[in-house]
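Coordinate analysis (summary)
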Amino acid sequence: MLSNKLILLLVVISVSCQSSRRGKSHQVLEFEIGEKLLDPKHDFVFKKVFSDQDILLAFINSALNENFKEIVSIDTEDECPSDTKTEKIIFFDIVCKNDEMTAVIEMQYKSEIFFVQRSLFYICRRLSSSLHTKGAYRDLKPMYFIGISDFTLFPHKTEYISTHKILDVKTYSNDVPYLTLVFIELAKLDKLNPNASALESVVEKLSYFLWFNSQKDDYKAGLKFLMNNDDLVRKAVDAATVSLWSPVEKEIYEQSDKIVCKHEDEIEAALNEGKNEGKAEGKAEGKAEEKAEIIKRMLDSNVDFEIIKTATGLGKNEIKQLFETLGIAIPSTSILNT
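Residues numbered from 1 in each chain as written. Predicted model: local features only at pLDDT ≥ 70, side-chain atom pairs only at ≥ 80, totals over all residues. Heavy atoms only, no water.

**Things to note about the overall build of the protein**
Heads up, the condition is: Put simply, DSSP H or I for four residues or longer makes a helix, DSSP E for two residues or longer makes a strand, and each gets a number counted from the N terminus. The cut-offs for exposure are 20% and 50% of the maximum accessible area for each residue type, with area from a 1.4 Å probe on protein chains only; residues under the lower value are buried, those over the upper are exposed, and the others partly exposed. Between two residues, a contact is recorded if the distance between any of their heavy atoms is within 4.5 Å. Every accessible area reported is derived by Shrake-Rupley at a probe size of 1.4 Å, with residue values counting cover from the shown protein chains alone.
Helix and strand counts for the protein come out as twelve helices and ten strands. The 338 residues of the protein split such that 43% are buried. In the protein, the share of contacts with a sequence separation of at least 24, taken over all contacts with a separation of at least 6, comes to 67%. Counting every atom, the protein has about 18,000 Å² of accessible surface; 51% of that belongs to carbon and sulfur.

And the structure:
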């Protein structure tokens, strides 16, 4: 069982207040008798699936049309530090590296109007911070971003996978190969209604898995077909199957999922009240103050910071920025200052 402190820390997990196209909570698919397959778009499940090196490497190579031989490091809690106190602190879902490149994968299941702009901002910041202070420009390595959305980004495009590079406007040659963005719009699969048996590439098969459309009658049959014919898909499905998880993994998921639903209800209620009374901003600020106070009490109780970071997804800089915004004093002896 998790400690009471760790469970309490989970209440500070932040969530978006924008609604998903299929409802607020993630779906669960009754896959086999007694087997529950969780929605792989859920943050915890997504990171569990794609932190597997075999799955991640095959997915990246397929999505980018590359042939990287290995991944040297995988980070599911990556923080891109800000240069000043006023700059945005950036967290990435998954960041992986080898000697040739850095690849960032971001899963966004909540509808976000400016996801493309935010993605570009994120990856440019990551690219600019990839060189050390005294690093030579010749050491700059290509940066790849794979953004997966559960909503439509480019309504004028029919295809659900699009690749964006820096190209010469006359020759269309990629002479500046340092920045590539790939977007996968899972929502478009609703209309495209792909036949699982016709899927060939790894990115197509894993996108079908991430689509997770339990409302579609033949989705389960299609996923079973892929599992029976592709070991990589089977491995991904196993990673999202509850019965194969450890007790700690199950409890973290259950607690975080309950908290996400609770906070979404609270935020929605606050927004509705704000629309009627003009107090939405005050409500949001009150919630932020409440969360900050909980974090402060945990810090005062000398809870190991790695536990706080793992449970909340918040780094030291982000917590300090939150405290400073709300005017909460940070003691000089605080672990936040180390």
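**Re the packing of helix α3 (residues 53-64) against helix α6 (residues 202-211)**
Note the cut-off: Helix axes use the C-alpha atoms of the stretch in contact, all axes being lines fitted to C-alpha atoms, and the angles between their N-to-C directions lie in the range 0 to 180 degrees. When residues are grouped by polarity, Ala, Val, Leu, Ile, Met, Phe, Trp, Tyr, Cys and Pro land in nonpolar, Asp, Glu, Lys and Arg in charged, and all others, Gly among them, in polar.
For the pair α3 and α6, the least separation of the axes is 8 Å and the interaxial angle reads 115°. Together, Ile55, Ala58, Phe59, Ser62 and Ala63 of α3 and Val202, Val203 and Leu206 of α6 make up the contact between the two elements. The class makeup of the residues in the contact of α3 with α6 is seven nonpolar, one polar and no charged.

**Observations concerning the pattern of salt bridges**
Short version of the rule: Any carboxyl oxygen of Asp or Glu within 4 Å of a side-chain nitrogen of Lys or Arg constitutes a salt bridge here.
Under the criterion given, the structure shown has nine salt bridges. Here lysine 41 ties to aspartate 39 by a salt bridge, and the two come within 3.1 Å at their closest N and O atoms. Measuring nitrogen to oxygen at the nearest pair gives 3.0 Å for the salt bridge that ties lysine 48 to glutamate 249. Here lysine 48, found in helix α2 (residues 43-50), pairs with glutamate 249, found in helix α9 (residues 247-277); they are 201 residues apart in sequence, far enough to count as distant. Judged by relative accessible area, which is 25%, lysine 48 ranks as partly exposed. Connected through shared salt-bridge partners, Asp52, Asp54 and Lys235 make up one network.

**A word on the environment of valine 45**
Within the secondary structure, valine 45 sits in helix α2. The class for valine 45 is buried, based on a relative accessible area of 0%. With 197 residues separating them in the primary sequence, valine 45 and valine 242 have C-alpha atoms 9.8 Å apart. Apart from residues no more than four positions distant in its own chain, valine 45 is found in contact with Leu38, Asp39, Pro40, Ala240, Trp245 and Tyr253.

**Quick notes on the nonpolar core**
Under the convention used in this document: The definition of a nonpolar core used throughout is a set of buried Ala, Val, Leu, Ile, Met, Phe, Trp, Tyr and Cys residues joined through side-chain atoms within 4.5 Å.
In this structure, Phe50, Ile60, Ile146 and Ile148 are the most contacted members of the largest nonpolar core, which totals 52 residues. Top contributing element to this core by residue count: α3, with seven residues. If sequence neighbours within four positions are ignored, phenylalanine 50 has contacts with Ile55, Leu56, Phe59, Ile94, Leu206 and Leu210. Grouped together as the second largest cluster of nonpolar side chains are 13 residues, Ile123, Leu127, Leu153 and Leu179 included.

**Considerations on the packing of aromatic side chains**
Cut-off, in case you're wondering: Pairing of aromatic side chains requires ring centres within 6.5 Å, counting the rings of Phe and Tyr and the six-membered ring of Trp. Pairs whose planes differ by under 30 degrees are stacked, by over 60 edge-to-face, and all others tilted.
Inspection of every chain in the model, using the stated rule, returns 14 aromatic pairs. An angle of 55° between the planes, with centres 6.4 Å apart, marks the rings of phenylalanine 121 and tyrosine 122 as tilted. Taking the relative accessible area as the measure of exposure, phenylalanine 121 reaches 35% and is therefore partly exposed. Classification of tyrosine 122 by relative accessible area gives buried; the value is 14%. Three or more aromatic residues joined by ring pairs make a cluster, and in this case those are Phe115, Phe145, Phe151, Phe154 and Phe183.

**Observations regarding the packing of α6 against helix α7 (residues 219-229)**
For clarity, the threshold we go by: In this scheme the crossing of two helices becomes right-handed for a clockwise turn of the near helix relative to the far one and left-handed for an anticlockwise turn of less than a right angle.
Contact pair α6 / α7: the axes reach a minimum separation of 10 Å and the direction vectors enclose 140°. Here α6 runs over α7; the crossing is left-handed. Residues Lys205, Tyr208, Phe209 and Trp211 of α6 touch α7, and the partners they reach there are Tyr219, Gly222, Leu223 and Leu226. Residues of the contact of α6 with α7, tallied by class, amount to six nonpolar, one polar and one charged.

**Some thoughts on a negative patch on the surface**
Put simply, the test is: Only residues whose relative accessible area exceeds 30% and that take part in no salt bridge are eligible for patches, with like-charged residues grouped when within 9 Å of each other and nonpolar side chains (Val, Leu, Ile, Met, Phe, Trp, Tyr) grouped when within 5 Å. Charged residues are defined narrowly, with Lys and Arg counted positive, Asp and Glu counted negative, and His plus the chain ends left uncounted. By convention, charge coordinates are those of NZ in Lys, CZ in Arg, CG in Asp, or CD in Glu.
Taken together, the side chains of Glu66, Glu70, Asp99 and Glu100 present a region of like negative charge at the surface. Its place among the elements puts glutamate 66 in the loop between α3 and β3 (73-75).

**Focus: unusual backbone geometry**
With a phi angle near 55°, asparagine 65 is a residue other than glycine that sits in the positive phi range. Here asparagine 65 shows up in the loop between α3 and β3. A positive phi angle is found at phenylalanine 212, which is not glycine, with a value near 45°. Structurally, phenylalanine 212 is set in the loop between α6 and α7.

**Some points on the sheet that holds strand β7 (residues 102-108)**
Worth spelling out the cut-off: Whether two strands pair comes down to DSSP finding at least two bridges between them.
Read from one edge to the other, the open sheet built from six strands follows the order β3-β6-β7-β8-β10-β9, with strand pairing classed as mixed. With partners counted over all chains shown, the strands left at the sheet margins are β3 and β9 (161-165), one partner each. Averaged over all adjacent pairs, the angle separating strand axes in this sheet is 15°, with direction ignored. As paired strands, β3 and strand β6 (residues 94-97) are joined by three bridges and run antiparallel to one another. In the strand pairing of β6, aspartate 75 is matched with valine 95.

These figures come from the coordinates and say nothing about function on their own.
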